[in-house]
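Single-letter residue listing:
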Amino acid sequence: MEAVILCGLQASGKTTLYRERFLETHVRISMDLLRTRAREAAFLRVCLETKMPFVVDNTNPTVAERARYVAPAREAGFTVVGYFVDVDFATARARNATRERVVPMAGLGDVAKRLVTPTPQEGFDALWHATAGSDGWRIEPLLTTPPLF
Ligand SMILES: Nc1ncnc2c1ncn2[C@@H]1O[C@H](COP(=O)(O)OP(=O)(O)OP(=O)(O)O)[C@@H](O)[C@H]1O
Ligand SMILES: [Mg+2]
């Protein structure tokens, strides 16, 4: 069973990716939907106890925020996969401005400032780099080593 942890700016396309790739197979755990950490933890617990594949659809910008899911999922025997949904700030801002649920700009700026690219050392079994191409998603292995030159 698989635990998928999405991370990326508001309006980067995380929920769109969930809808397009995981809707039929994974439960969606999202603070937008669940609202409180207590409720989120309860849903996470049920997924882990019942071996239900799930996607965490939050911005998850930091190691600490991702650890909330990575550590217990590993302990429960899940394969933990991360997707860095990566768009530049200007694209996220433009998408945010035109969608139904507009996030305040301060929130976007705050996540952009705190965003740390995920690494295998955090406990991920696989890491993917999701960018939006002109004809759908472009999903490639996430490079986590420094450039050679
Ligand atoms: N590849 C794409 N090309 C153009 N627009 C896109 C693309 N992916 C998503 N969008 C649009 O961008 C907006 C934000 O997408 P989405 O809701 O998936 O972002 P999100 O990362 O889940 O944001 P949040 O963190 O605020 O929940 C939506 O209006 C969506 O239709
Ligand atoms: Mg979303």
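Everything discussed here concerns the structure shown above.
Rules used in this analysis
- Residues numbered from 1 in each chain as written.
- Chains lettered and ligands numbered in written order.
- Predicted model: local features only at pLDDT ≥ 70, side-chain atom pairs only at ≥ 80, totals over all residues.
- Heavy atoms only, no water.
- Core = buried A, V, L, I, M, F, W, Y, C linked by side-chain atoms within 4.5 Å.
- Buried < 20%, exposed > 50% of the residue type's maximum accessible area, 1.4 Å probe, protein only.
- Contact = heavy atoms within 4.5 Å.
- Salt bridge = Lys/Arg side-chain N within 4 Å of Asp/Glu carboxyl O.
- Helix = DSSP H or I, 4+ residues; strand = E, 2+ residues; numbered from the N terminus.
- 1 Å grid on protein atoms, 1.4 Å probe; cavity = no way out; pocket = protein on both sides within 12 Å on 5 of 7 lines; lining within 4 Å.
- Points joined across faces, edges and corners; volume = space filled by probe spheres on them.
- Nonpolar A, V, L, I, M, F, W, Y, C, P; charged D, E, K, R; others polar.

Comments concerning the nonpolar core
I5, F54 and A73 are the most contacted members of the largest nonpolar core, which has 19 residues in total. Residue contacts for I5: discarding those within four places in its chain leaves V56, N60, R66, Y69, V70, V80, V81, G82, Y83 and F124. Grouped together as the second largest cluster of nonpolar side chains are eleven residues, V4, F22, Y83 and A130 included.

Examining the pattern of salt bridges
Within this structure, the stated rule accounts for eight salt bridges. D110 is paired through a salt bridge with R114; the nearest N and O atoms lie 3.3 Å apart. Note that D110 and R114 are positioned in helix 6 (residues 105–114) at a spacing of four residues, about one turn of the helix. By relative accessible area, D110 is classed as partly exposed at 32%.

Here's the deal with the layout of surface pockets
Looking at the largest pocket, its volume works out to about 670 Å³. In terms of lining residues, the largest pocket is bounded by 30 residues, among which Q10, K14, D32, T59 and R101 are the most central. Those elements that place two or more of their residues in the lining of the largest pocket are helix 1 (14–21), helix 2 (31–34), helix 4 (63–75) and helix 6. Along the lines of polarity and charge, the residues of the lining of the largest pocket split into seven nonpolar, nine polar and 14 charged.

Here's the deal with unusual backbone geometry
A positive phi angle, close to 70°, is found at A11, a residue other than glycine. On the secondary structure map, A11 appears in the loop between strand 1 (2–7) and helix 1. At N60, a residue that is not glycine, the phi angle is positive and equals roughly 40°. For N60, the location among the structural elements is in the loop between strand 3 (54–56) and helix 4. Residue classification places N60 among the buried positions, given a relative accessible area of 2%.

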